[in-house]
Amino acid sequence: MKVGAIGGTGVYDPTWLDHPQEVEIKTPYGSVTVMEGALAGHEDAVYFLNRHGAGHALPPHRVNYRANLWALRELGVKRVIATAAVGSMNLAMAPGSLVLVDQFLDFTKGRPSTFYEGGAAGVRHTDMTEPYCRESRQRIFESAQALGLSVVLGGVYVATEGPRFESAQEIRAYRLLGGDVVGMTGVPEVVLARELGLCYAAVALVTNFAAGLTGQPLTHEEVLEVMRAQTQQVQTLLKMALARVAEPYACSCPA
Ligand code: HPA
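As a starting point, this report considers the structure included with it. Because the structure is predicted, anything quoted here is derived from the model rather than measured.

Conventions adopted
Residues numbered from 1 in each chain as written. Predicted model: local features only at pLDDT ≥ 70, side-chain atom pairs only at ≥ 80, totals over all residues. Heavy atoms only, no water. Helix = DSSP H or I, 4+ residues; strand = E, 2+ residues; numbered from the N terminus. Buried < 20%, exposed > 50% of the residue type's maximum accessible area, 1.4 Å probe, protein only. Pairing = 2+ DSSP bridges. Axes fitted to C-alpha atoms, helices over the stretch in contact; angles between N-to-C directions. Parallel < 35°, antiparallel > 145°, perpendicular 65-115°, else oblique. Left-handed = near helix turned anticlockwise from the far one by under 90°. Contact = heavy atoms within 4.5 Å. Near = heavy atom within 4 Å. Polar contact = N/O pair within 3.5 Å; in protein donor to acceptor, adjacent residues only side chain to side chain. Areas by Shrake-Rupley, 256 points an atom, 1.4 Å probe, with all protein chains shown as cover.

## A few points about unusual backbone geometry
And step 1. At the junction of Gly-162 and Pro-163, the peptide bond is cis and its omega measures out at -5° in the coordinates.
And step 2. Mapped onto the fold, Pro-163 is located in the loop between strand E9 (156–160) and helix H3 (168–176).
And step 3. Following Val-187, the chain continues into Pro-188 via a peptide bond in cis, with omega recorded as 15°.
And step 4. Here Pro-188 is to be found in helix H4 (residues 186–195).
And step 5. At His-19, a position not held by glycine, the phi torsion is positive, near 50°.
And step 6. Here His-19 lies in strand E2 (residues 18–27).
And step 7. Classification of His-19 by relative accessible area gives exposed; the value is 68%.

Now the structure itself:
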């Protein structure tokens, strides 16, 4: 089975793939550069897509989410593991931990977030009861545990529009709503994956406590610094977890 990863902030380097080579995929939404490679013990190709484009050129609200997901589907990818840097609103999810989110709250504004725009594409209301693939999440969890990583199974991802960070009061409000972690890219990515019937699981990498929790201002440098320290771990996890999600198992995502 073909599987792929979408790398977020700080997870740009595709050298964890064997024999990486660039492929250019044309989609109705624009063209996308994807790295195609191999992983030991896995006969199908493995793909890696850098969400923010070369050199982190695209801010979260301008990422071409539809083109990215369409390209992976076009390549025959069935299961996707995404990484995303997040701030934590939950004291039990400290910087350095990984959260395998199982729900989201969407506070993005006006991003193209569906393939079903009416007309020829049709009108469709996709079920979002369980947005992330439970089976994939469990396998990623087992991989992270086997690697001795600090990992939490389940959590609520709050998606904000960005590119600014949140106000302290926004974070207080999101906590009241049950949010655990906050990031800027998780939606519409998961929604589009659902629309295409892909299995999609997200590894949220906690880089900081969210605004107002520490009394310190937030900087993108701080986020990058924690990501840099975790890059090796995340790559090792992706390799192990991609091999495991490539195994055959049944879930309701394709339906
Ligand atoms: N807020 C939103 N997005 C983020 C954060 C944050 O605190 N940290 C990393 N990505």
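## Digging into the pairing of E2
And step 1. Bridge analysis of E2 against strand E3 (residues 30–39) gives eight bridges, and the strand direction is antiparallel. Considered in E3, the bridge of Gln-21 is made with Glu-36.
And step 2. Connecting E2 to the antiparallel partner E3 that follows it, the hairpin turn spans two residues.

## Things to note about the packing of helix H2 (residues 134–146) against helix H5 (residues 220–245)
And step 1. Between H2 and H5, the least distance of the axes is 9 Å, while the angle of their chain directions is 140°. Taken together, H2 and H5 sit at an angle that is classed as oblique. Of the two elements, H2 crosses H5, and the hand of that crossing is right-handed. Contacts between H2 and H5 involve Ser-136, Arg-139, Ile-140, Glu-142, Ser-143, Ala-144 and Ala-146 from the first element and Leu-237, Met-240, Ala-241, Arg-244 and Val-245 from the second.

## Things to note about the site of the ligand
And step 1. Inspection of the region around the ligand gives Ala-85, Val-86, Gly-87, Phe-165, Glu-166, Val-182, Gly-183, Met-184, Thr-207, Asn-208, Leu-218 and Val-223 as its neighbouring residues.
And step 2. Between the ligand and Gly-87 there is a distance of 3.2 Å, counted from a nitrogen atom to a backbone nitrogen or oxygen.
And step 3. In this structure, Glu-166 approaches the ligand through a side-chain N or O atom, which is 2.8 Å from a nitrogen atom.
And step 4. A total of 260 Å² of accessible area belongs to the ligand in isolation, and the protein chains cover 95% of it.

Everything listed is a geometric property; what it means functionally is a separate question.
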